[in-house]
Amino acid sequence: MFVLVGPFNEHLLNPKSRQRYQEIKAAITAWLQSQQIPHVVPEPLPSALYGDASHPLAAGYALLAGRLLKEPSFRRIIGSAGAAP
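Remember, predicted model here, so these are calculated numbers, not experimental data.

## Observations concerning the overall build of the protein chain
In step 1: Assigned secondary structure in the protein chain consists of 3 helices and 2 strands.
In step 2: The helix and strand sequence of the protein chain, counted from the amino end, reads β-α-β-α-α.
In step 3: In terms of its C-alpha atoms, the protein chain occupies a principal-axis envelope of roughly 40 × 35 × 15 Å.
In step 4: Buried residues in the protein chain amount to 24% of all 85 residues.
In step 5: Taking all contacts inside the protein chain whose residues are at least 6 apart in sequence as the whole, residues at least 24 apart take part in 56%.
In step 6: Entry remark: accessible area of the protein chain is about 5600 Å², with carbon and sulfur atoms responsible for 61%.
In step 7: Treating the 8 positive side-chain charges of the protein chain as one cloud and the 5 negative ones as another, the clouds have centres 3 Å apart.

What follows is the structure in structure tokens.
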């Protein structure tokens, strides 16, 4: 199992909501770490790469995929399947 927390267009949130969302993400991250569950909590994509609050456009998914491939915890999960040809 591997958990990807996001993506979510945090740019749409007002400051108070963004703060609360970041607190929730921190709690989720702490719990995943305490349970030793492999996970990634990527930085938000640029706002223009989202179609709405939680669905990236194709370019956003491409950027997210590139970020995931750089994450050691993700690379351990995919193993040699993620090796470049």
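There is more to say, and it comes next.
## Things to note about helix α2 (residues 58–69)
Quick reminder: α-helices carry 3.6 residues per turn. Residues three or four places apart thus point the same way.
In step 1: With 12 residues, α2 extends 17 Å between its outermost C-alpha atoms, agreeing within 8% with the 16 Å of an ideal straight helix rising 1.5 Å per residue.
In step 2: In the core, the buried residues of α2 are packed alongside β1 (3–4), β2 (39–40) and α3 (72–78).

## Some remarks on the confidence of the model for the protein chain
In step 1: For the protein chain, mean pLDDT is 93; residues scoring 70 or higher make up 93% of the total.
In step 2: The spread of mean pLDDT over the elements of the protein chain runs between α3, the lowest at 92, and helix α1 (residues 15–34), the highest at 98.

## Overview of unusual backbone geometry
Outside of glycine, negative phi angles account for most residues, and trans bonds account for most peptide bonds.
In step 1: Residues G6 and P7 are joined by a peptide bond in cis, for which omega reads 0°.
In step 2: The topology assignment puts P7 in the loop between β1 and α1.
In step 3: Unusually for a residue other than glycine, Q36 sits at a positive phi of about 55°.
In step 4: Positionally, Q36 belongs in the loop between α1 and β2.

## Some points on empty space enclosed by the protein
In step 1: For the structure on display, the rule yields 1 cavity of 30 Å³ or more.
In step 2: The volume enclosed by the largest cavity comes to roughly 70 Å³.
In step 3: V5, P7, F8, P42 and P44 are, among the 13 residues lining the largest cavity, the residues nearest its centre.

## So, the pattern of salt bridges
In step 1: For the structure on display, the rule yields 2 salt bridges.
In step 2: A salt bridge links K25 to E10; the shortest N-O distance between them is 2.7 Å. Within this pair, whereas K25 is found in helix α1, its partner E10 is found in the loop between β1 and α1, the two being separated by 15 residues in sequence. With respect to class, K25 is no different from E10; both count as buried.

Cut-off values and rules
Along each chain, the written sequence defines residue order, and numbers are assigned to residues from 1. Where totals are concerned, whole chains, interfaces and linings use all residues; where local detail is concerned, this predicted model gives features only for residues with pLDDT of at least 70, and gives and counts side-chain atom pairs only at 80 or more. Hydrogens and waters are ignored; side-chain quantities use all the structure's heavy atoms. Numbering goes from the N terminus for both helices and strands, where a helix is a DSSP run of H or I of at least four residues and a strand is a run of E of at least two. In this scheme, a residue with accessible area under 20% of its type's maximum is buried, one over 50% is exposed, and one in between is partly exposed, where area comes from a 1.4 Å probe on protein chains only. Two residues form a contact once any of their heavy atoms are found within 4.5 Å. For the accessible areas, the method is Shrake-Rupley and the probe is 1.4 Å, while residue cover comes only from the protein chains on display. A residue counts as positive if it is Lys or Arg and as negative if it is Asp or Glu; His and the chain ends are not included. Here the site of a charge means atom NZ of a Lys, CZ of an Arg, CG of an Asp or CD of a Glu. A helix's residues, less one, multiplied by 1.5 Å, set its expected span. Here pLDDT means the predictor's own confidence in every residue, given as a number from 0 to 100. Here the term cavity refers to a set of points on a 1 Å grid, laid over the protein atoms alone, in which a 1.4 Å probe fits but cannot get out; the term pocket refers to an open set having protein on both sides within 12 Å along at least five of seven lines, with lining residues being those that place an atom within 4 Å of a point. Grid points are joined across faces, edges and corners, and a volume is the space filled by probe spheres set on the points. For this analysis, a salt bridge means a side-chain nitrogen from Lys or Arg found within 4 Å of a carboxyl oxygen belonging to Asp or Glu.

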